[in-house]
Amino acid sequence: KVSSIEPIHGASLETLDISNTLVRDLAPLAAMPLRRLNAIGTLIESLDPLRDSPLEELDVSHTQILDLKPLRGLRLRVLSFEHTHVRELSALAGMPLETIVLNATDVTDLSPLAQCTALVTVHLTGTGIRDLEPLRGRKLHGIFLGHSKVRDLSILAGMPLDTIFFDGTEVT
């Protein structure tokens, strides 16, 4: 399996998929014009090399990522970090996110997403999320809440939803 992306350092790639490799270090990607990066199931622990990148789509699901701070200020439209130990979303405030997938993470507070006005799809399955208030006023088309702590769906009234999953929740 591939364990280093050093040989592509300096390349002018816009899309890269290194999923399910033994890659640990994203440093060779610094200053690369990447718009889409899939690093699902890799051994990466830090997103620092992605600071100031032109990324629009990022998937770091099933990795050791704990911290999204290096993503602050990026123009991400799609972000997935499911099955990680990420706890907080403050770095995402104000991003033009359209889709966020944070299933099976340690996130419990969606407040930073209140400033993400372009959101249309939110995946919260298997999280400790209880309060959907930060999503008020969004024009969500899909929300996935299965096995979360959400009990009240009233915030979703009037949204143009075409998909809702809330299996295994305490919704009454």
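As a convention, each chain's residues are numbered from 1 in the sequence order in which they are written. Local features in a predicted model are, by the rule used here, given only for residues with pLDDT of at least 70; side-chain atom pairs are given and counted only at 80 or more, and totals for whole chains, interfaces and linings are based on all residues. The basis for the side-chain values is all heavy atoms of the structure; hydrogens and waters are excluded.

Novice: Where do I start with the overall build of the chain in this structure?
Specialist: Scanning the chain from terminus to terminus reveals zero helices and eight strands. Numbering of helices and strands runs from the N terminus, with a helix taken as a DSSP run of H or I at least four residues long and a strand as a DSSP run of E at least two residues long. When the elements of the chain are put in sequence order from the N terminus, they spell out β-β-β-β-β-β-β-β. By the compact-globule yardstick of 16 Å for 172 residues, the chain fits well, its C-alpha radius of gyration being 16 Å. If one aligns the C-alpha atoms of the chain with their principal axes, the spans along those axes are about 55 × 25 × 25 Å. As defined in this context, the radius of gyration uses C-alpha atoms, and a globule is described by 2.2 Å times the residue total to the power 0.38.

Novice: For this particular structure, what's the right way to read the pattern of salt bridges?
Specialist: For side chains of opposite charge, pairing can occur when their charged atoms come near one another. For this document, the term salt bridge refers to a Lys or Arg side-chain nitrogen within 4 Å of an Asp or Glu carboxyl oxygen. Under the definition given, this model contains eight salt bridges. With a shortest N-O distance of 3.0 Å, Arg 51 and Asp 48 are connected by a salt bridge. Buried, partly exposed and exposed residues are distinguished by accessible area as a fraction of the type maximum, computed with a 1.4 Å probe on protein chains only: under 20%, between the cut-offs, and over 50%, respectively. Residue classification places Arg 51 among the partly exposed residues on the basis of a relative accessible area of 45%. Linking Lys 69 and Asp 67 is a salt bridge whose minimum nitrogen-to-oxygen distance equals 3.8 Å. By sharing partners, the salt bridges in this structure join Arg 35, Glu 56, Glu 57, Arg 77 and Glu 98 into a single network.

Novice: Quick question: what am I supposed to make of a negative patch on the surface here?
Specialist: A contiguous patch of negative charge on the surface is contributed by Glu 88, Asp 109, Asp 131 and Asp 152. Assignment of secondary structure puts Asp 152 in the loop between strand 7 (142-144) and strand 8 (163-165). Residues form patches when they are more than 30% accessible in relative terms and have no salt bridge. Like charges link within 9 Å. Nonpolar side chains (Val, Leu, Ile, Met, Phe, Trp, Tyr) link within 5 Å. Working definition of accessibility: Shrake-Rupley area with a 1.4 Å probe, residue cover restricted to the visible protein chains. Residues scored as positive are Lys and Arg, those scored as negative are Asp and Glu, and His as well as the terminal groups of each chain are ignored. Taken as the charge centre is NZ of Lys, CZ of Arg, CG of Asp or CD of Glu, depending on the residue.

Novice: Got a minute to help me understand the sheet that holds strand 7 in this structure?
Specialist: The pairing of strands in a sheet happens through backbone hydrogen bonds and is either parallel or antiparallel. Pairing between strands requires that DSSP locate at least two bridges from one strand to the other. Across the sheet, eight strands lie side by side as 1-2-3-4-5-6-7-8; this open sheet has parallel pairing. A single partner strand is all that each edge strand has here, and the edge strands are strand 1 (15-17) and strand 8. For this sheet, the mean inter-axis angle between neighbouring strands, taken without regard to orientation, is 5 degrees. Of the strand pairs in this sheet, strand 3 (residues 57-59) and strand 4 (residues 78-80) are connected by three bridges, and their pairing is parallel. Bridge pairing in strand 4 links Glu 57 to Val 78. Angles here are taken between N-to-C directions and fall from 0 to 180 degrees, while the axes themselves are lines fitted to C-alpha atoms, restricted in helices to the stretch in contact.

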